[in-house]
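Summary of the model geometry
If you want the building blocks of each chain, they are given just below.
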Amino acid sequence: MNISYNWLKDLVEVDLSPQELATKLTNVGLAVEGVHEFADDFVFDIDLTSNRSDCLSHLGVSREVAAIEGAKLKILSENIQEQKPKTDNLVTIQDDNLCNRFTARIIRNVKITPSPEWLVKRLEAIGERAINNVADITNYVMHELGQPMHSFDLNELKENRIVVRRARNVETIQTLDEVERKLDETMLAICDAEKPVAIAGIMGGLASSITTDTTDVLLEVAYFKRENIRLTSRTLNLPTEASYRFERGVDIENLVRASNRATELICELANGTAEEFVDAYPVKFQPIEIESDDIEFAVKRSTGLTVEETEILRILDSLGFQAKEGSKIQNPKSKIFTVPSWRHDVSIEEDLVEEVARVVGYDKIGEELPASRNAGEFQPTEARKKELRKTLTNLGFDEAISYSFIDASNDGKFDLIPNLVHENLEEKFVTLKDSIIESAVRMRPSLLPGLLEAVRTNFNQQRRDIKLFELGKVFSASNKENDLPEERELFALVVTGGEVLENKAMTAREVYFYDAKGALEAAVDSLNLPALDFAAKDVKHLRKGQSAEILLDGKAVGTIGRLSDEIDAAYKFKQPVFLAEVDLETLLQAKQKDILYKPLPVYPSIVRDVSLLIKRTVSFAEIKQAVEAEHFELLRKVGFVDVYEGKGVAEDERSITVRLEYRSDERTLLEEEIGQIHARILQNLETEVGAKLRF
């Protein structure tokens, strides 16, 4: 939102430079993202949070300046001269649930001309395009006082009157952008005696718009239910400056003042004559009252700030919170604060404390641990998870913490942890009704989307060598009626790029599948669990032929492999990405290994590397299982060395090099006795898995 520095100075006394004012506004929560010059003015680009609709105007920001500087506003509500509404049929509200208040003023004998230079410059400074004097005045007052309004050509309204009602399903309207739009009964329409002439709170109709032929104007200033404006704007895909304000909430008590201000300018700049005025107010505003038995103590208790009561009352009064005596609490310090009609985000004492704290300065709040009567304690699995983190950190990994909600477009892209979702449910996942991040409406059923987003962010920052891991909870819908969503704690990791050695600028080599597998095995070993098993399996999000299922004691607990080409392309990754995801909760529930101690070997071992020619369908795991099934006492270890596919090997075969280690705890082994065992192993491999000695 753009705010003019010169415009602010018309509304509040301020001696700060634009840069100083920008800093102070940012400190109280109105983040100024930039200040740029425009002619003889400075314009603040303010990023407002959705709850601060009161600052969507120069008046609202002026209140903040007044509170910061202890200054007085130059425009005060009590100086507004309100006219008594006339009781006639100029305005009829048929749905007062959607329209709580509607004012209409007739201004006759106007002359539609270009706006004067000062008005054009004010609008151009904040990014608005000048149209004509009447249209520009309604825009000007909206940016000044925060109240959207609309001007109709009175003579284009059938029977010269307004009916506020729900639209009918068969009705259409051509809006000011010259688009024909279909309405339905969920939408509130501003109509004349026959048809819609505007979509309430969003945009007017073209047929009743102000033109050079207009002589009589009906000025509308109204208050609409914000939920309905939001729904209509989304349904029609029609966001406007007006809908932006109505959706967040405008000041229902500001309507007459805004109408008076616009009328004054139209009479001055368009030579109009103000006549009939109607204020239809079927649903009266009831201000919220907040009772505080000691506001000074409340500020101290919640923030640690020591602020005198007189200063607290000054700040709150500047922001519109009026204090009065007469609390039911028998305490001389107790007060009741009336929340102003423009603050829709304040309802409890803690909100008042926050108002004081942000004006005094968040930077003045010290660091202090809250007092506690109860001692904290680690969960039983916390120490083991700490060891897991330590192990991966020692391997060069960084821990990632990603959002618990993701885009629904990730549905179906990833194979999930076994038994996480209930396939019999129509809605398997947990969906947010009001997402915090736009489009992120799904509570994550997997850690992988968050990790891949982290990889993409790193790539965008020119960092190509990445090792990340994450421990976190995932969610799925419960199959029990009216039950909370189910949660499961998972562990995932991702590696890509090159292996970076300490104090080396260049990578030693490109990472590959076994880097991810080795890191996963090291992490599981730190949990003091038996070794994992890996079985080839097609996984939806992994490349076929380079993916595996992870098993613990024969039970599937996750997947590992290289990211599929489809997802690679979607993220625009230009290098292989290897990732794994396992059910950490299941791992932590598994029985730990017994910790055994034995002396280091005294006698040397004999190592034999053999290259075996086997069919492509045979895995190393099958070879290892066939060797270990013989239970040779002197055979201590079977390890994988390398695999070769290419020249000299048939297309349906490959060569796997296996390392066999022999050792005795009682003596030094002789080549003759090892040779006999070695020969029997090779013969058994040929029988069991069809392996032939290559060399």
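Quick look at the structure, then.

One pass over the structure, following the stated rule, counts 12 aromatic pairs. With a centroid separation of 4.4 Å and an interplanar angle of 15°, the aromatic rings of Trp-7 and Tyr-140 are classed as stacked. Taken together, the positions of Trp-7 in helix α1 (residues 5-11) and Tyr-140 in helix α5 (residues 133-145) put the pair 133 residues apart, joining distant regions of the chain. A relative accessible area of 0% means that Trp-7 is categorised as buried. Residues Tyr-512 and Tyr-514 carry aromatic rings whose centres are separated by 5.6 Å and whose planes lie at 65° to one another, so their mutual orientation is edge-to-face. Under the relative-accessibility criterion, Tyr-514 is labelled partly exposed at 39%.

On to the state of the cysteines. All chains considered together, the criterion is met by zero disulfides. Free cysteine Cys-191: the closest other cysteine sulfur is in Cys-99, separated by 12 Å. On the basis of relative accessible area, Cys-191 is assigned to the buried category, the value being 0%.

A few words on the pattern of salt bridges. Here the idea is simple: oppositely charged side chains can pair when their charged atoms come close. Summed over all chains, the structure comprises 52 salt bridges. Salt-bridge contacts for Asp-54 lead to Arg-52; the nearest nitrogen and oxygen are separated by 2.8 Å. By relative accessible area, Arg-52 is classed as buried at 6%. Here the salt bridges share partners, and the residues they tie into one network are Arg-52, Asp-54, Glu-64, Arg-343, Asp-345, Glu-355 and Arg-358.

The next thing to look at is helix α9 (residues 295-303). All of the buried residues along α9 are Ile-295, Ala-298, Val-299 and Thr-303. Angular distribution of buried residues about the axis of α9 spans 100°; they occupy a single face of the element. Where α9 is buried, its residues touch β15 (289-292), α10 (309-318), β17 (335-338) and α11 (349-360). In this structure Asp-294 caps α9, since a side-chain oxygen of it lies 3.3 Å from the backbone nitrogen of Glu-296. Looking one or two places after α9, you find Gly-304, whose phi comes out positive at around 80°.

We now examine the side chain of Glu-470. Residue position: Glu-470 is located in strand β21 (residues 466-476). According to the relative accessible area criterion, Glu-470 is buried, its value standing at 2%. One polar contact links Glu-470 to Ser-402, side chain to side chain, over a distance of 2.8 Å. A distance of 3.2 Å separates the side chain of Glu-470 from the side chain of Arg-444, its partner in a polar contact. Each residue touching Glu-470, except ones within four places of it in the same chain, is listed here: Ala-400, Ile-401, Ser-402, Arg-444, Leu-447, Leu-451, Leu-490, Phe-491 and Ala-492.

A separate point is the side chain of His-143. Of note, His-143 is situated in helix α5. Engagement of the side chain of His-143 in a polar contact is seen with the side chain of Glu-128, the distance being 2.9 Å. Residues contacting His-143, with those up to four places away along its chain left out, are Trp-7, Ser-57, His-58, Ile-126, Glu-128, Glu-241 and Arg-245.

Phe-44, Ile-46, Phe-102, Val-141, Ile-190, Leu-218 and Phe-224 are the most contacted members of the largest nonpolar core, which totals 89 residues. For this core, the element with the highest residue contribution is strand β13 (residues 217-224), accounting for seven residues. Setting aside residues no more than four positions away along its own chain, Phe-224 makes contact with Leu-98, Cys-99, Phe-102, Leu-188, Ile-190, Ala-200, Gly-201, Ile-229 and Phe-246. Counting 30 residues, the second-largest nonpolar core is a separate cluster that includes Leu-392, Leu-527, Leu-552 and Val-582.

This part is about the environment of Ala-130. Mapping Ala-130 onto the fold places it in the loop between α4 (117-125) and α5. Note: C-alpha distance between Ala-130 and Ser-115 (15 residues apart in sequence) is 7.4 Å. Beyond its immediate sequence surroundings of up to four residues, Ala-130 is in contact with Val-120 and Asp-136.

Across the 10 residues that make up strand β5 (residues 99-108), a large majority, nine, are buried. Pairing between β5 and β13: eight bridges, direction antiparallel. Residue pairing in the sheet places Ile-107 in a bridge with Val-217 of β13. Note: β5 against strand β14 (residues 273-280), six bridges, orientation antiparallel. Bridge assignment links Arg-105 to a residue of β14, and that residue is Phe-277.

The subject of this paragraph is the sheet that holds strand β6 (residues 150-153). Strand order across the open sheet formed by four strands is β6-β13-β5-β14, with antiparallel pairing between neighbours. If you trace the sheet from one side to the other, it starts and ends with β6 and β14, each paired once. Each strand axis lies, on average, 20° off the axis of its neighbour in the sheet, ignoring direction.

Taken together, the three strands give an open sheet; going across it, the order is β15-β17-β16, and neighbouring strands pair in antiparallel fashion. The outermost strands of the open sheet, each flanked by one partner alone, are β15 and β16 (322-324). Sheet twist, expressed as the average angle between the axes of neighbouring strands with direction ignored, equals 30°. Looking at chain direction, β16 and β17 are connected through three bridges and run antiparallel. Along β17, the bridge assignment pairs Gln-322 with Thr-338. Packed on one face of the sheet, α10 meets β16 and β17 and runs near 20° to β17.

Calculation rules
- Residues numbered from 1 in each chain as written.
- Predicted model: local features only at pLDDT ≥ 70, side-chain atom pairs only at ≥ 80, totals over all residues.
- Heavy atoms only, no water.
- Phe/Tyr/Trp six-rings, centres within 6.5 Å; stacked < 30°, edge-to-face > 60°.
- Helix = DSSP H or I, 4+ residues; strand = E, 2+ residues; numbered from the N terminus.
- Buried < 20%, exposed > 50% of the residue type's maximum accessible area, 1.4 Å probe, protein only.
- Disulfide = S-S within 2.5 Å.
- Salt bridge = Lys/Arg side-chain N within 4 Å of Asp/Glu carboxyl O.
- Arc of directions from axis to C-beta.
- Contact = heavy atoms within 4.5 Å.
- Polar contact = N/O pair within 3.5 Å; in protein donor to acceptor, adjacent residues only side chain to side chain.
- Core = buried A, V, L, I, M, F, W, Y, C linked by side-chain atoms within 4.5 Å.
- Pairing = 2+ DSSP bridges.
- Axes fitted to C-alpha atoms, helices over the stretch in contact; angles between N-to-C directions.

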